[in-house]
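An overview of the molecular structure
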Amino acid sequence: MKRIIFLFLFPIIFLFSRTGDVETLYSLQDPQCLSKLLAFYHLHKDNDHGKKALSQVFALINKHRTTPIELNAIPLFHRMDLDSFLSSLTKQPEETLKPLSKEQLNFISKISDHLHHRKLKGHNATSPEEVLKLAPEEVDLSRSIFLSQYGKDQIDVIKSYEATLDLFALSILARLDKNPTDRQIIEKISYFIFYEMLFRFPPHSLWIKDIDQYSFLPSILDSHHGVCLGVSILYLSIAQRLGLNLTICTPPGHIYLSHQSLTDELNIETTARGIHIPTKNYLSIQTKHVEHKNIKEVTGLYHINAASVYWQAKNHRKAIEQYLKALSFIPNDPLTQTFLGYNYLFINDKKTAQKYFNNVKGRRIDGSISTNTIIEDYLSGNVDESGILAIYDHLDETRESIFNKQKKLNEVLKKFPKFREGIFHLAITWLQLGRKKEALEVLNRYHEVDPVNPIVEYYLTHLNFVRLKQAQAKRHFKGLKFLLEKENHQPECLKELAMMLKTSSLLD
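Thresholds applied
Residues numbered from 1 in each chain as written. Predicted model: local features only at pLDDT ≥ 70, side-chain atom pairs only at ≥ 80, totals over all residues. Heavy atoms only, no water. Helix = DSSP H or I, 4+ residues; strand = E, 2+ residues; numbered from the N terminus. Buried < 20%, exposed > 50% of the residue type's maximum accessible area, 1.4 Å probe, protein only. Expected span 1.5 Å × (residues − 1). Axes fitted to C-alpha atoms, helices over the stretch in contact; angles between N-to-C directions. Parallel < 35°, antiparallel > 145°, perpendicular 65-115°, else oblique. Left-handed = near helix turned anticlockwise from the far one by under 90°. Contact = heavy atoms within 4.5 Å. Nonpolar A, V, L, I, M, F, W, Y, C, P; charged D, E, K, R; others polar. Phe/Tyr/Trp six-rings, centres within 6.5 Å; stacked < 30°, edge-to-face > 60°. Pairing = 2+ DSSP bridges. 1 Å grid on protein atoms, 1.4 Å probe; cavity = no way out; pocket = protein on both sides within 12 Å on 5 of 7 lines; lining within 4 Å. Points joined across faces, edges and corners; volume = space filled by probe spheres on them. pLDDT = per-residue confidence, 0-100.

For K314, which is not glycine, the phi torsion reads 65° and is therefore positive. Along the chain, K314 falls in the loop between α15 (295-312) and α16 (316-329). Residue K314 is classed as exposed on the basis of its relative accessible area of 62%. A positive phi angle, close to 70°, is found at N348, a residue other than glycine. Looking at the element boundaries, N348 is found in the loop between α17 (334-346) and α18 (350-360).

What follows concerns helix α14 (residues 228-241). Over its 14 residues, α14 extends 20 Å from the first C-alpha to the last, a length consistent with the 20 Å expected when each residue adds 1.5 Å. Burial of α14 is extensive: 14 of the 14 residues sit out of reach of the surface. Immediately downstream of α14, the backbone of G243 shows phi near 70°, a positive value.

Before going further, it helps to examine the packing of helix α9 (residues 141-150) against α15. Viewed as axis vectors pointing N to C, α9 and α15 meet at an angle of 30°, and their least axial separation amounts to 9 Å. Taken together, the axes of α9 and α15 are roughly parallel relative to one another. At the point where α9 passes α15, the crossing takes the right-handed sense. Contacts between α9 and α15 pair L141, S144, I145, S148 and Q149 from the former with I295, V298, T299, Y302 and H303 from the latter. Of the residues belonging to the contact of α9 with α15, the class tally is five nonpolar, five polar and no charged.

What follows concerns the packing of aromatic side chains. For the structure on display, the rule yields 22 aromatic pairs. An angle of 50° between the planes, with centres 5.6 Å apart, marks the rings of Y26 and F40 as tilted. Remark: F40 occurs in helix α3 (residues 34-43) and Y26 occurs in helix α2 (residues 22-27); sequence separation between them is 14 residues. For Y26, a relative accessible area of 23% gives the class partly exposed.

Locating R475 in the fold gives a position in helix α25 (residues 470-486). Here R475 falls in the partly exposed class, since its relative accessible area comes to 48%. C-alpha of R475 to C-alpha of L460: the two residues are 15 residues apart in sequence and 9.5 Å apart in space.

Side chains T247 and C249 of strand β1 (residues 247-250) all project onto a buried face; the interleaved residues I248 and T250 project onto the opposite face, where all are buried too. As defined by bridge partners, β1 adjoins strand β2 (residues 256-260) across three bridges and the pair is classed as antiparallel. In the sheet register, C249 faces β2, and the bridge partner there is Y256. A loop of five residues connects β1 with β2, the two strands running antiparallel in sequence, and G253 in this loop sits at a positive phi of about 75°.

Take a probe with the size of a water molecule and roll it over the atoms, and the empty space left behind shows itself. Scanning the entire structure with this criterion turns up two cavities of 30 Å³ or more. Approximately 30 Å³ is the volume attributed to the second largest cavity. Around the second largest cavity sit F194, F199, R200, F201, G226, V231, T270 and T271, which together line it. In the lining of the second largest cavity, the residues fall into four nonpolar, three polar and one charged.

So, on to the confidence of the model for the chain. Residues at a pLDDT of 70 or more form 89% of the chain, whose mean pLDDT is 88. Segment residues 12-19 is flagged for pLDDT under 50; beyond a separation of four residues in sequence, or across chains, it makes 10 contacts in the model.

Right, let's get into the pairing of strand β3 (residues 265-268). Successive residues of a regular strand alternate their side chains across the two faces of the sheet. Bridge analysis of β2 against β3 gives four bridges, and the strand direction is antiparallel. Bridge pairing in β3 links L257 to I268. Hairpin geometry of β2 and β3 is characterised by an intervening segment of four residues between the two adjacent antiparallel strands.

Turning next to the sheet that holds β2. Pairing between sheet strands relies on hydrogen bonds along the backbone, with the strands arranged either parallel or antiparallel. Taken together, four strands build an open sheet; the order of strands is β3-β2-β1-β4 and the sheet is antiparallel. The sheet is open, and its two edges are formed by β3 and β4 (291-293), each paired on a single side. Each neighbouring strand pair of the sheet contributes to a mean axis angle of 35°, computed without reference to strand direction. On the sheet, α14 packs against β1, β2 and β3 and is oriented at approximately 35° with respect to β2. Against the sheet, α15 engages β1 and β4, with an angle of about 100° to β4.

Dropping the structure here:
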């Protein structure tokens, strides 16, 4: 650990180590950075400037406290092992956090007892069952997530991770003036997460294989890499500690955060270092509006993600367990019931699968303007479980993987030629291979089976246009526009498509 602290301060230490100018070294410290001040104290604790650094640490901690903590009131701090304590704030990516000692946990608990999440009933929950009984506004998100992952028997591990989040919150507060605005809090959270601690979206080659590693909060804290769900949970956990209310937004297959006020909306895209992306950019031909979830329901999203990991590993019984847990947090959620039905189907429990399919038949999911054609086709005999499995077959986007999926889909479509999602996914594989002619031929097959799918009409418009089939492009665009007008839906991509056709004189 001392090696880490040394590397943390190395550029400055190198300049001044020969002169022993500790005073100059101290003057170069960021006066609002808890971790650097603590690291300086750890290296110079017997020096007057080291003691000044420690006094500054406590001044920053006390800045937002109604009852200040006196340094002399915590004598154990001076004999406490600072190596593992500092590792929570200076650890390198991929270095696993070590459980903190009882003394360290007590110290962090003392200096962070003013954080907002301590007031929540859920902060003292010791099991997921306790969390389920709480109202959403009473849930401590990080405690709920950790209990779901570790269970009540590993409370010491949970408290160590929670202490790290507490230190993160204190580090952010140290950079905030008293009574900050919500915008200022958001700016400092984003700066701390993405620029000071360097949390990043993992490289595609990594997360496509190990999405579970980059979705679960402990793994994210260990690796400093995370996908949208995981980093959003991290961000929300810190925001709760700072008393900041954020909206959880869930367009299909994604999650981002938003701050809503009477005058404006500020979105937080956690896969792009917290930048604002307008809500309209999350909409699509099929997605009319973005769904919102509350804090309690985020734990349900965690279980949905855990279930998808088991599903990918073909452990469908474990996936079912996780989907059932998700439903306890998000009752009657159509997407969860859909996936639950699929996995019951995969273990040949068709009766239970059909029960869930009947529950969601005709319902729209995630703000979509369309219903689930897979369920409709299954209930009408246009596909069986093998066809559904082929749709969700893992694809690593190599040419070999794409050809293998094509082979499976063609076998399914020989048996079930009207399986709409099978036809659509076959077309997508051709697009992935850059074969627009073949993709267009397959989508024309889809249109013959179902002429009122907006996303298919969108693709047919675009592909006919780029292949210079102007009459067909114009016909499919009119059909697409009619379908969307019925839904009172005018997404940006429709306007862009209209402009493309207009510049080519295909539209008046």
